[in-house]
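The chain contents come next:
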Amino acid sequence: MTTLTIRARGTATADEVWDRYADVRRWTEWAPQIRRVDAGGTTLRAGLSGTVRPVVGPGVRFVVEDVDDDARTWAWRVRLGPVGLVRMHLVHGVEADGSTWLRVTGLLPVVAGYLPLARFALGRLVKA
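Residues numbered from 1 in each chain as written. Predicted model: local features only at pLDDT ≥ 70, side-chain atom pairs only at ≥ 80, totals over all residues. Heavy atoms only, no water.

Caption draft 1: A look at the nonpolar core. Core analysis: the biggest nonpolar cluster contains 34 residues, and Tyr21, Trp27, Phe62, Trp74 and Trp76 have the highest contact counts within it. The biggest single contributor to this core is helix α3 (residues 108-125), with 6 residues. In this structure, Trp74 is in contact with Trp18, Tyr21, Trp27, Leu44, Val64, Asp66, Val67, Leu90, Val91 and His92, ignoring residues within four places of it in sequence. (Core = buried A, V, L, I, M, F, W, Y, C linked by side-chain atoms within 4.5 Å. Buried < 20%, exposed > 50% of the residue type's maximum accessible area, 1.4 Å probe, protein only. Helix = DSSP H or I, 4+ residues; strand = E, 2+ residues; numbered from the N terminus. Contact = heavy atoms within 4.5 Å.)

Below is the structure:
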């Protein structure tokens with residue numbers, strides 16, 4: 001397994017960035033690869049599960065493992081494919097200055113293929 005971390009800094013406040021994460025209905029605002037999110041709720045919480053529907057390709061199933069509103073961090077596992085062969089573990093955080101980071105763990109080709117999309121989306125996430 002490979003773990004890589006990326007960061008993005010912008011002009012949005014930490015509260016705004018966290019709200020864009022915490023309300024799954026807002027993910028399409030900053031992640032252009034996401035068409036919609038089908039989940040058992042609208043707010044990030046441990047145990048929330050559902051499917052991210054990308055603009056292209058099959059849905060990606062997910063389960064949120066942990067959310068810490070005070071620390072502005074959250075973690076989730078995603079799986080793709082008929083038996084979930086493609087898996088990643090993602091941990092997100094928002095710093096006091098509104099910058100954000102993402103740590104992704106998975107097979108190297110999967111992580112390397114995902115990071116350009118993630119980097120672009122995070123850049124949009126932190127823009128005012």
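Okay, back to it.
Caption draft 2: Region of the structure containing helix α1 (residues 14-22). For α1, the set of buried residues is Ala14, Val17, Trp18, Arg20, Tyr21 and Ala22. Contacts from the buried residues of α1 go to α2 (27-30), β4 (60-68), β5 (73-80), β6 (86-94), β7 (100-106) and α3.

Caption draft 3: The arrangement of unusual backbone geometry in detail. Within the chain, Arg72 stands out as a residue other than glycine whose phi angle is a positive 55°. Checked against the element boundaries, Arg72 lands in the loop between β4 and β5.

Caption draft 4: Structural context of the side chain of Thr51. Within the secondary structure, Thr51 sits in strand β3 (residues 49-54). When its relative accessible area of 14% is taken as the criterion, Thr51 is described as buried. With residues up to four places along the chain from it excluded, the contact list for Thr51 reads Arg36, Val37, Asp38, Gly59, Val60, Arg61 and Phe62.

Caption draft 5: Quick look at the packing of α1 against α3. α3 packs onto α1 with a crossing angle of 125° between their chain directions and a minimal axis gap of 10 Å. On the basis of their axis angle, the class for α1 and α3 is oblique. Mapping the contact onto sequence places Val17, Arg20 and Tyr21 in α1 and Leu122, Arg124 and Leu125 in α3. Split into classes, the residues belonging to the contact of α1 with α3 amount to 4 nonpolar, no polar and 2 charged. (Axes fitted to C-alpha atoms, helices over the stretch in contact; angles between N-to-C directions. Parallel < 35°, antiparallel > 145°, perpendicular 65-115°, else oblique. Nonpolar A, V, L, I, M, F, W, Y, C, P; charged D, E, K, R; others polar.)

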